[in-house]
Every structure is written in structure tokens, then in C-alpha cells.
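Descriptive analysis of the structure
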Amino acid sequence: MSSERTAEQFSPKHSTQVIPAVSAPPKSNPSQISDLPDEVVLNVFSYLHPIYLVKCTLVCKRWNQITKDPSLWPRLDLGLKNIKFPHIFSVLNLGVKYLRLAQSKIVSAAKSGAAIIDYSAYLSTWRPLRIQYLDLSMSSIPVSCLNELLQHCCTIKKLSLESLEVNEQTFSCLKKAQDLDTLNLCLCQGVSPSGVIHLKALTKLESLNIAWALRDRMGIIALIDSLSHSLKRLNLSGCRDSLLDPGN
């Protein structure tokens, strides 16, 4: 009898406790990259190749802004490429510190007979250039474009102009690079005594390669008078005839 009473007490019809229905968990939308904070997106972008970073700039305004962070562009290799000169300024605006343009072909945006373009309009007005290492060795670039580029590279520390055409204005533009410590002018065409005199302003210059660039004795004399006391390495290969004492 007691067992029957116990069974009736625990039967569903005598139970007074209401068991709530178990509902399925609400469906949540999968996480989107657009939901991530800028810091996380920036970290993801840091693993991308520069080619894909450029493509990211075209996705949306937000990504375009994030890809302009200088931490994403410490160095860029554009060697052996065909490049329009204004695009170099666009690259420098990203905050690139190391830029390699060796053996590249750089063409001016100005058409033949057109007015001179003010390339400074391509420069950022809110962030100074951070370029420190620039390699233009054996590239093809008009001397006018070269001078315009050097005029804005005031933070440059190491510069290679090997096999390029230069003129007196090129050396005048270099005077602004007060932190320049390494300069490669090997095989440059157009190096003149009036040009090398401007090297006197480079008080931090430690290494100078001017091999096969000075063709006469007057150029050697001008160079010696312009060398900084900080100079530690000097390459004058190809200038042996100019260094000989004419009295011997």
C-alpha cells in the first residue's frame, strides 16, 4: 500500500512543479572582419604582401585608411618595375623607410612640351616623409625627376645613384639631407667640380663611392676640398690618371 502511495506522489498528474520548456539558443550571426577593431585589422594586414595591401586599399574607406599606417610599410622593393614618377610620391606618403628602385624605369607624368608639373602636390601635407634608405642604382629616371625627388628626401641616410645622370642641381638638392652618411655615385654621368663642392654641406658623410665618375684633375681637387672630416671610406677607382702628379 505504501509503495502505491509513493508512486502516486511522483506521478505526473500529482506533480505541482512546472518545468519550463527548453528553447533553442538564439542564432547568432557569424563574426565579420568589419566587426573587428582597427588594431586587430591592422595586425592582420601586417602579414600581407604589399601587393595584397594595395588591393585592400580598394575595398572600402576604412580599409584604405588602415593600410596607410606607417607600420605596414617599413620597406618596399620596386626594382625592375615600370613606374610613373608621381606614384613614387604616393609610395613615400605611406611612410616607407626603405625603398628599392634598382633597375626600374621611371617615367615622368609630363608630356612632351607640356608645362612643368609641381610634384609637391602629390606629397602629404599632414605627415612628413620617413624615407631613410633609397636605392636607385642603374635605374632609368629623368634628371629633372631625380632632382625633384631628392629635394623632398631630407631624412635620407643611405643613397645609391649608381650609373645615373646627374647635374649640379642634383648635388644642390643633396645639401638638405643633413643625416646622409652613405652616398654611392659610382659611374654617374655629369659629375662636375661645381657639383661636388656641395658635398661640403654633408657633415655626417662617412662613406663615399665616386668611382669612375670624376674624369679630370679639377674634379678631384674640388672633391678633396669638399670632403667632410667625418669621412671614413672613399672609393676613387678609375681616377688614377687624375691623381698622378703631372711633374713626374
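In this report, we go over the structure that sits alongside the text. The structure displayed is predicted, hence computed values, not measured ones.

With that out of the way, let us pick up the overall build of the protein chain. Counting its regular elements, the protein chain contains 10 helices and 9 strands. A buried classification covers 35% of the 248 residues belonging to the protein chain. Long-range contacts, defined as pairs at least 24 residues apart, comprise 60% of the intrachain contacts of the protein chain with a sequence gap of at least 6. For the protein chain, the exposed surface amounts to about 15,600 Å²; the carbon and sulfur share of it is 56%.

The subject of this paragraph is the pattern of salt bridges. As enumerated under the stated definition, the model contains 4 salt bridges in all. A salt bridge links D38 to R62, with the nearest nitrogen and oxygen atoms 2.7 Å apart. Placement of the pair is D38 in helix α2 (residues 38-45) and R62 in helix α4 (residues 61-66), with a sequence separation of 24 residues.

The next subject is the side chain of H198. Tracing the sequence through the fold places H198 in the loop between α8 (193-196) and β8 (207-209). Each residue touching H198, except ones within four places of it in the same chain, is listed here: E168, F171, S172 and K175.

In this structure, L99 and L134 are the most contacted members of the largest nonpolar core, which totals 57 residues. Mapped onto this core, the elements with two or more residues apiece are α2, α3 (50-56), α4, α5 (85-92), α6 (143-151), α7 (168-174) and α9 (217-226). It is α5 that contributes the most residues to this core, 5 residues altogether. Ignoring anything within four residues of it in the chain, the contact list for L134 reads L99, L101, L149, C153, I156, K158, L159 and S160.

As a further point, take the sheet that holds strand β7 (residues 182-184). Pairing is parallel in the open sheet, where 7 strands are placed in the order β1-β3-β5-β6-β7-β8-β9. In the strand order of this sheet, the two ends are held by β1 (75-77) and β9 (233-235), each with one partner. With direction set aside, neighbouring strand axes in the sheet form an average angle of 5 degrees. As paired elements, β8 and β9 share 3 bridges and run parallel to each other.

A cluster of nonpolar side chains, contributed by I33, L36, V40 and V44, occupies part of the molecular surface with about 260 Å² of accessible area. Among the secondary structure elements, I33 is positioned in the loop between α1 (2-9) and α2.

So, about unusual backbone geometry. Here L80, not a glycine, exhibits a phi torsion of approximately 65 degrees, which is positive. At L187, a position not held by glycine, the phi torsion is positive, near 65 degrees. In this fold, L187 is placed in the loop between β7 and α8.

With that settled, consider the packing of aromatic side chains. Summed over the entire model, instances satisfying the criterion amount to 3 aromatic pairs. Ring plane angle 40 degrees and centroid distance 6.2 Å describe the contact between Y98 and Y133, whose orientation is recorded as tilted. Here the residue Y98 occupies a position in strand β3 (residues 98-100), and Y133 occupies one in strand β5 (residues 133-135), the gap between them amounting to 35 residues. Here Y133 falls in the partly exposed class, since its relative accessible area comes to 27%. Here the basic side chain of R75 rests over the ring of Y98, its NZ or CZ set 4.2 Å away from the ring centre.

The rules we used
- Residues numbered from 1 in each chain as written.
- Predicted model: local features only at pLDDT ≥ 70, side-chain atom pairs only at ≥ 80, totals over all residues.
- Heavy atoms only, no water.
- Helix = DSSP H or I, 4+ residues; strand = E, 2+ residues; numbered from the N terminus.
- Buried < 20%, exposed > 50% of the residue type's maximum accessible area, 1.4 Å probe, protein only.
- Contact = heavy atoms within 4.5 Å.
- Areas by Shrake-Rupley, 256 points an atom, 1.4 Å probe, with all protein chains shown as cover.
- Salt bridge = Lys/Arg side-chain N within 4 Å of Asp/Glu carboxyl O.
- Core = buried A, V, L, I, M, F, W, Y, C linked by side-chain atoms within 4.5 Å.
- Pairing = 2+ DSSP bridges.
- Axes fitted to C-alpha atoms, helices over the stretch in contact; angles between N-to-C directions.
- Patch = residues over 30% accessible without salt bridge, like charges linked within 9 Å, V, L, I, M, F, W, Y side chains within 5 Å.
- Phe/Tyr/Trp six-rings, centres within 6.5 Å; stacked < 30°, edge-to-face > 60°.
- Lys NZ or Arg CZ within 6 Å of the ring centre and 35° of its normal.

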